[in-house]
Amino acid sequence: MKILKKTIIYVVLVASISFLLPRLIPGSPFFFFHSDMYVLNTMMPEDSFNSFVQYYHPDKPVPEQFLVYLKDLLKFDLGRSFYYKLPVAELLTGCLGWTIFLSFVSIGISSGIGIPLGLFYAVRKGGKRAVWLNVFTGLNSVPVIVIAILIQMLLSYKFDLFPSSGAYTPGISVSDPGWILDVIGHAILPLWVLVLAELPPIFILTYNTCSRTKNQPFVEMAQYLNIQEHVINFKYILKNTLPEILSKINIQFLYAISGVLFVEVVFSYPGIGTLLKTAAYSRDYPLLQGILLVTGIYGIVINLIFELIIKRLNPRVQA
Amino acid sequence: MIIFRSNKGSWIIILVMALIGLTYPLISPYEAGDFSFDSLVSPSFDHFLGTDEMGHDILSMLLVGFRVSIGIAIAASVLATLIGTVLAIIAAYYKGLVDRMIVRMTEVFILVPEIVVLLFITAIAKPTVYNSILAIVFFSWSKITRIIRAKALSVIELEKVQYTLLLKGNIFDITLKMWRELYPAVATMFVFLCGKAAVYESTLAFFGIGDPLAKSWGQIMRNALDYEGIFSGNTYLWYLLPPLLCILIFVLAISRVAYNVDEIRS
Amino acid sequence: MSELLKGRNLSKSFDTPFGRAVILNGINLKLEEGSIIALIGESGGGKTTLCRILMGLETADSGSVFLQGKEVGGLRKRSFAECASIQYVFQDPYASMADEATVISTLSEPARLCKRNHRDYLEPEEALVLAGLSGEEFMDRKIKSLSGGQRQKIAIARALITRPQIIIADESTSMLDEGSAQEMSSIFSRVNKLLGISFIIVTHNKKILFDLCTFILVLYQGKIVEAGLKEKVLTSPQAEYTRQYLECMLNIEGRTDVEQSNVRKSYG
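Residues numbered from 1 in each chain as written. Chains lettered and ligands numbered in written order. Predicted model: local features only at pLDDT ≥ 70, side-chain atom pairs only at ≥ 80, totals over all residues. Heavy atoms only, no water.

**Details of the packing of aromatic side chains**
1) Next: Going through the model one piece at a time under the given rule, you end up with 23 aromatic pairs over all chains.
2) Next: A centroid spacing of 6.1 Å and a plane angle of 50° characterise the contact between C:Tyr241 and C:Tyr245, whose relative ring orientation is tilted. Of this pair, C:Tyr241 and C:Tyr245 both sit in helix α10 (residues 240–253), separated by four residues, roughly a single helical turn. Of the two residues, C:Tyr241 and C:Tyr245, both sit in the buried class.
3) Next: Of the aromatic side chains, those joined through ring pairs into one cluster are A:Phe120, A:Tyr121, A:Phe136, A:Phe203 and A:Tyr207.
4) Next: Positioned over the ring face of C:Phe66 is C:Lys6, at 5.3 Å from the centre of the ring.
5) Next: Its guanidinium or amino end placed over the ring of B:Tyr163, C:Arg158 lies 3.5 Å from that ring's centre, counting from NZ or CZ. (Phe/Tyr/Trp six-rings, centres within 6.5 Å; stacked < 30°, edge-to-face > 60°. Helix = DSSP H or I, 4+ residues; strand = E, 2+ residues; numbered from the N terminus. Buried < 20%, exposed > 50% of the residue type's maximum accessible area, 1.4 Å probe, protein only. Lys NZ or Arg CZ within 6 Å of the ring centre and 35° of its normal.)

Set out below in structure tokens:
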């Protein structure tokens, strides 16, 4: 119940930010009073101006604008994109799938490798764990932008191993037999970059939490009692650290959405990121607002799912 | 990579880079805005990193980038650290409703992808360096607030701080009393954010909505990628890679210095 | 004698992973002017929580605290005068003062706050002398260069500066060696006589229990099981827990002490 209440607050806050932000920034078209509308009219193309007036009602007072905005939201009406001349909601639903695909698969792969690896290195006695930790710590601080450009430069342009852009070869359709393979081929590079960016933090935080738990008295006690090692590792260490690890992966997942959007731009992947770039470049306000809202809500949903899972795993955690 | 292992080495790298940023007019071979040279010259003694498609000397542009990129990073980080720390201390001091409101705000800023907020603001505002800095500050403060608030909440429970609370010390007295314990976290977060801000700035330039006149590293990378034939020859080696490496080295050195930030976070 | 501090029907419980833990259950207590109350009880039995509620650092779930007949709420609702008239000496002398600060800067903090709020205060030099340390020698030393006993004396000096009427000392002697603890006890006694400050002392120290205090309160399982004048409690304890407590204390530490064996004889 508490989680639900929190989620509703988040949604309201995100909606208010997406409503208020453009009105708070000096120099934005929202900043004009309706008496100055003719100035705006000279700044924008005629059709953009018309749809702007039609959707935002700049002649009405701000609180009323907010009510209209909320009412439109409930009808899933996010306005019309200036650039694409299409309803924003339609554009977003077309792109959201690719973004969700990339973020889920990349986090899945990263967690699938990172958590067992982190646990393995944390419980292993001796060995060269420091080397691995250093490699991952180093990798952790390399910005996604650098990884993305380097990988695209080397593997796609210089050596021509993978397609450099898009989610599928233009002209190929879902019903074609090679469609799935084609999509996978196009997804390999973006996923590779994302995994390189997401794996290190997941590995490091699993390693750190497991190492800390490993030295706790109840684990040491289990060792004195000669309980089998794999039982200790899974039942004592992993099971007790999993809620903590998951709550950190939750945050990593939220950060990863940013990374996904970015990678989409570099590889011209047809997700929200590419839409974002076009929207920002062409200053397409309704589209920008829609993207802020949809990505924000995507983040909220992810957060909700994780909190529910964590609560299930560990009823003692107070949300 | 060896050099990044030691903190000292990282400090030296950062200081040297900052020094280059401060003194680049003295060491720059040409005016950065001078495009009178032949275009797309390969590296030579006249042009160490060659020239771009317009005929700018790439090395000179790169040197300007030291000042612009590092300057933006530091300015944004100073502002965000200041705002973030003040809010964190307010949250820890007043607790209750004030604390809850501040926490909810920081959480919302984690839920909304930062890149969207960044582009949102810069797309709507005029593309100036000043606005880029403000956009970076706008969502960065929440990271600082989250971590410093957690720290402040534990420090405020220390008996020496409780003593001041018992005598109705105001928020300044309390901050003064806590500063010794808070300072390391604040300093680390500041350094950490410097690296982040440098990356954000180049991201903005990469998206093509930074200040087109500010010759930052990101802007040079954007120009390089916009040039059609960047990958057809070896041009990318002295056009795209140097600014990329500058950012990489700067960020790596910074992350070495701010290494213990993970400890604070967990 | 007038009533300085009164707690009425104070209750407090906490949520733990294993359910709700009742720490305090309907505590009533009062401190009269000039008296010294020794508060004893089990470790983790709510003594510190009780002190923190009286100080306003925590709020009770129910019940109220009265300062000179006036009901006071939590710390934020108290006025400076109310806060300054009741001072707290913490248990850990190593945590209650900033290590890097000098003695003078530690002592000038309450003086500065008093000045800001227009309250009379004791000069740090005087307070230091009252706490048994000489002024010139200690003023410029760093807190971290002092021993535990010296730190605790500084802590008392700091508490005296606001000219309080009540000092609550939460196990202020438990981290000190016996010699320092005895000194503390005589400082408490001197301050009580010279300045008329009343004390609530949480303690396990027999010197304080047998010599210094005038009243004894015994806290057991969240309730006050025994309260009364020292002589009465020591000679004819009513509650089972008090009997056990005194038995232990005398058996372990007091066999050769004539005075204490008298005490023992008279109740046992």
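There's plenty left to go through after this.
**Side note on the nonpolar core**
Soluble globular proteins: nonpolar side chains tend toward being buried together.
1) Next: A:Ile291, B:Met178, B:Trp217, B:Leu240, C:Leu5 and C:Ile168 are the most contacted members of the largest nonpolar core, which has 217 residues in total.
2) Next: Built from parts of two domains, this core gets at least three residues from each of domain 1 (1–74 + 166–237) and domain 2 (86–163) of chain C.
3) Next: With 49 residues, the next largest nonpolar core counts C:Ile187, C:Phe210, C:Tyr245 and C:Met249 among its residues. (Core = buried A, V, L, I, M, F, W, Y, C linked by side-chain atoms within 4.5 Å. Domains from an automatic or database assignment.)

**Some points on the interface of chain B and chain C**
1) Next: At the interface, 18 residues of chain B touch 28 residues of chain C.
2) Next: Counting the surface lost from both chain B and chain C, the interface buries some 1900 Å², and carbon and sulfur atoms represent 55% of this.
3) Next: The largest per-residue losses of area from chain B upon contact with chain C belong to B:Tyr163, B:Leu166 and B:Leu167, which jointly make up 37% of the total buried on that side.
4) Next: Across the chain B-chain C interface, the total number found is four salt bridges.
5) Next: Two residues, B:Asp173 and C:Arg116, come together in a salt bridge whose shortest N-O distance is 3.0 Å.
6) Next: Residue assignment for the side of chain B that touches chain C shows that the elements contributing at least two residues are α3 (58–94), α7 (159–166) and α8 (171–206) of chain B. (Contact = heavy atoms within 4.5 Å. Buried area = accessible area lost by both parts, 1.4 Å probe. Salt bridge = Lys/Arg side-chain N within 4 Å of Asp/Glu carboxyl O.)

**Structural notes on a negative patch on the surface**
All names here are of chain C.
1) Next: Among the surface-exposed residues, Glu123, Glu125, Glu126, Glu136 and Glu137 lie close enough to one another that they form a single negatively charged patch.
2) Next: Broken down by secondary-structure element, the contributors of at least two residues to the negative patch are α4 (124–130) and α5 (135–138).
3) Next: Note on placement: Glu126 falls in helix α4. (Patch = residues over 30% accessible without salt bridge, like charges linked within 9 Å, V, L, I, M, F, W, Y side chains within 5 Å. Areas by Shrake-Rupley, 256 points an atom, 1.4 Å probe, with all protein chains shown as cover. Lys, Arg positive; Asp, Glu negative; His and termini not counted. Charge placed at Lys NZ, Arg CZ, Asp CG, Glu CD.)

**Remarks on empty space enclosed by the protein**
Residues and elements named next belong to chain B.
1) Next: Scanning the entire structure with this criterion turns up three cavities of 30 Å³ or more.
2) Next: Along its surface, the second largest cavity is lined by Ile72, Val129, Ser132, Glu201, Gly210, Asp211, Ala214 and Gln219.
3) Next: Partitioned by chemical class, the residues of the lining of the second largest cavity number three nonpolar, three polar and two charged. (1 Å grid on protein atoms, 1.4 Å probe; cavity = no way out; pocket = protein on both sides within 12 Å on 5 of 7 lines; lining within 4 Å. Points joined across faces, edges and corners; volume = space filled by probe spheres on them. Nonpolar A, V, L, I, M, F, W, Y, C, P; charged D, E, K, R; others polar.)

**Considerations on unusual backbone geometry**
1) Next: Backbone geometry at B:Lys168 places phi at a positive 55°, although glycine is not the residue there.
2) Next: Relative to the helices and strands, B:Lys168 is located in the loop between α7 and α8.
3) Next: Within the chain, C:Arg163 stands out as a residue other than glycine whose phi angle is a positive 50°.
4) Next: The residue C:Arg163 is located in the loop between α6 (148–160) and β7 (166–170) in this model.
5) Next: C:Arg163 sits in the partly exposed class, given a relative accessible area of 41%.

**Describing the interface of chain B and chain A**
1) Next: Contacts between the two partners involve 50 residues from chain B and, on the opposite side, 53 residues from chain A.
2) Next: Carbon and sulfur atoms supply 78% of the area that chain B and chain A bury against each other, a total of about 4600 Å² over both sides.
3) Next: For chain B, the biggest contributors to the area lost against chain A are B:Leu111, B:Phe120 and B:Ile124; these three give 16% of the whole.
4) Next: The tally of links between chain B and chain A comes to zero salt bridges.
5) Next: Linking chain B with chain A are three residue pairs in polar contact (both at pLDDT 80 or more).
6) Next: Elements that contribute at least two residues to the side of chain B that touches chain A include exactly α4 (96–111), α5 (114–124), α6 (129–155), α8, α9 (217–226) and α11 (241–257) of chain B. (Polar contact = N/O pair within 3.5 Å; in protein donor to acceptor, adjacent residues only side chain to side chain.)

**What to know about the pattern of salt bridges**
1) Next: Tallied over the entire structure, the rule returns 22 salt bridges over all chains.
2) Next: Note that C:Asp15 is salt-bridged to C:Arg20, the shortest N-O span being 2.8 Å.
3) Next: Look at C:Asp15 and you get exposed, because its relative accessible area is 63%.
4) Next: Note on C:Arg20: relative accessible area 53%, which makes it exposed.
5) Next: As a salt-bridge pair, C:Glu58 and C:Arg52 come within 2.7 Å of each other at their nearest N and O atoms.
6) Next: A cluster of three or more residues bridged by salt bridges with shared partners is formed by A:Arg212, A:Glu244 and A:Lys248.

**Let's talk about helix α11 (residues 272–281) of chain A**
1) Next: The buried fraction of α11(A) is high, at seven of ten residues.
2) Next: Every buried residue of α11(A) is accounted for by A:Ile272, A:Gly273, A:Leu275, A:Leu276, A:Thr278, A:Ala279 and A:Ala280.
3) Next: Elements in contact with the buried residues of α11(A): α5 (88–123), α10 (229–266) and α12 (285–313) of chain A together with α5 of chain B.
4) Next: Of the residues one or two after α11(A), A:Arg283 is the one with positive phi, at around 50°.

**Structural notes on the environment of A:Gln252**
Residues and elements named next belong to chain A.
1) Next: Its place among the elements puts Gln252 in helix α10.
2) Next: The spatial distance from the C-alpha of Gln252 to the C-alpha of Ile202 is 7.6 Å, given a sequence separation of 50 residues.
3) Next: With residues up to four places along the chain from it excluded, the contact list for Gln252 reads Pro201, Ile202 and Leu205.

**A look at the sheet that holds strand β2 (residues 19–32) of chain C**
All names here are of chain C.
1) Next: Spatially, four strands are ordered β2-β1-β4-β5 in an open sheet, and the strand pairing comes out antiparallel. Either end of the sheet is taken by a strand with one partner, and the two such strands are β2 and β5 (70–72). The mean angle between the axes of side-by-side strands here comes to 30°, regardless of whether they run parallel or antiparallel.
2) Next: Bridge count between strand β1 (residues 3–16) and strand β4 (residues 62–67): five bridges; the pairing is antiparallel. (Pairing = 2+ DSSP bridges. Axes fitted to C-alpha atoms, helices over the stretch in contact; angles between N-to-C directions.)

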